[in-house]
Each structure stands twice: as structure tokens, then as C-alpha cells.
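# Results of the structural survey
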Amino acid sequence: MRNTIKTFHPAYFAMVMSTGIISIASNLLGFNGIAYGLFYLNIVAYAIIASLQLLRVRMFWSNLYGDLSNPKLSLVFFTTVAATNVVGAQFVTVFNQPEIAKVFWYFGIFLWASVSLSTFSILFIKCDQRIEVVLHGGWLIATVGTQSLAVLGALLAPKYEDAASFVLFSSFAWWMIGSFLYMILITLIIYRLVFFKVSPDALVPPYWINMGALAITTLAGSILCIQIPKIGGPYTDFLGFTKGFTLLFWSFGTWWIPFLIIMGIWKYIFNKAQFKYTPLYWGMVFPLGMYTACTIRLSQAIQIPFIANISKYFIYAAFIAWAFIFYSMIRSMIKAIITKEPVAQKEGKIAEPQMIPVSKG
């Protein structure tokens, strides 16, 4: 147990993110039994994973700081922010307990401030490695964590009555910060993909966050559009702008899907890479669930109902992916227990995307 805590990977919070968003999408599509089942499972998962992370802070701070200082891993800590806010969003949309959701939002704000200030400061000061060595799609989890605050804040804004305008303003600010981060990082990521050689192991699953970050940006923008008429005030002037940019992000996210499938085919079929479970694979499940949820909300925001038909089919891909990765995780844990090997330590050897610093030319 000590070794598991010592080597605990922050990407395990992506399981909470994936389970939570599929629960929310299921609720939106009328799969109420699945929505509630995943909700209760996610509460347990969040409690366990958060406890392990807190124990790591207390018992193995030097190891945790080492991960924070590692440019390949540092931004992955934004999963703690996203997971916290996704659970809060479940309390609003699935369980209808906004007061509990407010507690998660406040905690998410604290985590976002702590993680963003620490990780980016360390990167600015200490990172001296080349872009092709350290940069990968997982960096976009910074956008996901930031946009999760915008999503939960926008959902809760009408519940604050007198403070509703301030909460909606804060959500707009996080939405724009997350959008700006995406535009900067995706430019660097495309540059890295096009002009430098990437090993097959590095492509999947980290680069699925390319689409997942756009999906949660779309979800945040859609909820803002839905909430603006309820709160009114100066935000009504933002409605056309918000709708246009939200549709832009959704369109770009949809464009990414076939390319990500091609990358998977190239890795597993042409390069015959072996599938071996790591917590990073939850980063593939989350975008599927998020794309399902954001498409439903987008159809409501821009009042084009036929777009929601995509979600009615996409949800099954999310169900299948979640079930497969969850089974792989349980199987990996059982195998680790039998062999008396810490799961995170065993997986740590392959958890970081391996970048090959060789020019394609």
C-alpha cells in the first residue's frame, strides 16, 4: 500500500471524470438507471482516489513534487480539478443537490488556483527540455480543468440569486481562459505532430484530449448560452458571440474524431502495439462521454434539435469504452495483488508518453 501511494498517478482522477460525464450524458438521454448507478460508483471512486492523493501529499511530498516538476506529468494534475467539478456537476444534474455541488465548486476553485499557479510557475522557471521531448496531448488537460469550473459555475449561477451575475461572470472568465489555453497549446501540439517524429506509444491515449478539451469547452459555452436568458443583464449582449464560438469549438472537436481513429489504427494495426492498461486510457473514455453531453447541450443552446441525434448513437461508444477500460483496470489491480506488485509503480514505466526527439526530415 505504501508503494502504491508513493507512485500514485494523478491520471487516476480521469476515471472520475469519465464516469461522471457518462453519468451526466446518460441522465440527459433518459438512461436514468445507468446515470444513478455511475453516480454512486463515482462518489466511492472519488473518495478513494482523493484519499490516496492526500496521503501522498502527507507521506511522500518529495515524490509528488517530483511529478509536479516533470513537464511530462505536471499538467496532468489538472485532472484533480476536473474530477472535483464533474462530481459537483453530477450533484446538480443527476442528484439535484445544488448546495452540495457548491461545496465541490469552492474546492475546485481552490484546486485550480493551487495547480495552475504551481505547475505553470514550475514550467516557466525550471523546464529546459525541447518541445518535441516533453509536449503531448495530455497538456490540454489544463484546458479541461479550467473549463470544468466554467461548467459547474454556469450550472450553479441561477442558484445564487443575488450573486448569480457575479458567478456567471466568473464562469465566462474561466471559459475564456480555458479557450485561450486551448488555442495556444493546440498550436504547439499540431506543430509537434507535424514536424517531429512521434512514437506509436505516445499517440494514444494522450491525444484524445485534443477532442475532449474542445468538447468540454463546447459544453461550457452551451450552458452559458442556456443560462444567459435566465439571469439577463449585460450578458444578453454576449449571447450571439457565445453561440458562434461554441459552435466553432464543437465543429473543430468533431473534425478531430476521424484523425484520432486513424492514429489508433496506425498504432494498434500497422505498428501492432500491444494494449496494456494504464490510467491514461481513461483519457480516451472522457472525450467520448463529454462529446455526447456537449452535443446535447449545444442542440439546446442554439435550438437545432437534429444535432442531438448524434448523441443518441455516440453514447453507446462511450458505454463500451468505459466498460472495457473499467474491466481492464480491475483485471490489472487483481493481477497486481496476486503478484504483490504496486499497480501504479508497475504502470509508471509506461505511463509517461515517450517522445522521440528526431526530426521527420
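Preceding block: the structure.
This section reports on the structure supplied with the text. (Residues numbered from 1 in each chain as written. Predicted model: local features only at pLDDT ≥ 70, side-chain atom pairs only at ≥ 80, totals over all residues. Heavy atoms only, no water.)

### Focus on the environment of Pro 205
- Tracing the chain through its elements places Pro 205 in the loop between α10 (200-203) and α11 (209-231).
- Through-space distance from the C-alpha of Pro 205 to that of Leu 64 is 23 Å; in sequence the pair is 141 residues apart. (Helix = DSSP H or I, 4+ residues; strand = E, 2+ residues; numbered from the N terminus.)

### Comments concerning the environment of Ile 320
- Along the polypeptide, Ile 320 turns up in helix α14 (residues 308-338).
- As for Ile 320 and Val 285, which are separated by 35 residues in sequence, their C-alpha atoms are 9.1 Å apart.

### Points about the packing of helix α3 (residues 32-59) against helix α4 (residues 61-69)
- Running from N to C, α3 and α4 point in directions that differ by 110°, and their axes come no closer than 5 Å. Accordingly, the angle class assigned to the pair α3 and α4 is roughly perpendicular. Only Trp 61, Asn 63, Leu 64 and Asp 67 of α4 make contact with α3, whose side of the interface consists of Gln 53, Arg 56, Val 57 and Met 59.
- Looking at the contact of α3 with α4, its residues break down into four nonpolar, two polar and two charged. (Axes fitted to C-alpha atoms, helices over the stretch in contact; angles between N-to-C directions. Parallel < 35°, antiparallel > 145°, perpendicular 65-115°, else oblique. Contact = heavy atoms within 4.5 Å. Nonpolar A, V, L, I, M, F, W, Y, C, P; charged D, E, K, R; others polar.)

### Points about the state of the cysteines
- Tallied over the full model, the rule gives zero disulfides.
- Here Cys 225 is not cross-linked by a disulfide; its sulfur's nearest cysteine counterpart is in Cys 294, at 13 Å.
- Residue Cys 294 is classed as buried on the basis of its relative accessible area of 0%. (Disulfide = S-S within 2.5 Å. Buried < 20%, exposed > 50% of the residue type's maximum accessible area, 1.4 Å probe, protein only.)

### Observations regarding the environment of Ile 226
- With respect to the helices and strands, the residue Ile 226 is situated in helix α11.
- Residues Ile 226 and Pro 200, 26 residues apart in the sequence, show an inter-C-alpha distance of 41 Å.
- Sequence-distant contacts of Ile 226, that is, excluding residues within four places in its chain, are made with Arg 297, Gln 300 and Ala 301.

### Here we look at the packing of α3 against helix α5 (residues 78-93)
- Where α3 contacts α5, the two axes come as close as 11 Å, and the packing angle between them is 150°. As far as their axial angle goes, α5 and α3 are roughly antiparallel. As for how α3 packs across α5, the hand of that crossing is left-handed. Residues Leu 38, Phe 39, Asn 42, Ile 43, Tyr 46 and Gln 53 of α3 form the contact with α5, whose participating residues are Thr 80, Ala 83, Thr 84, Val 87, Gln 90 and Phe 91.
- Here the contact of α3 with α5 is composed, by residue class, of seven nonpolar, five polar and no charged. (Left-handed = near helix turned anticlockwise from the far one by under 90°.)

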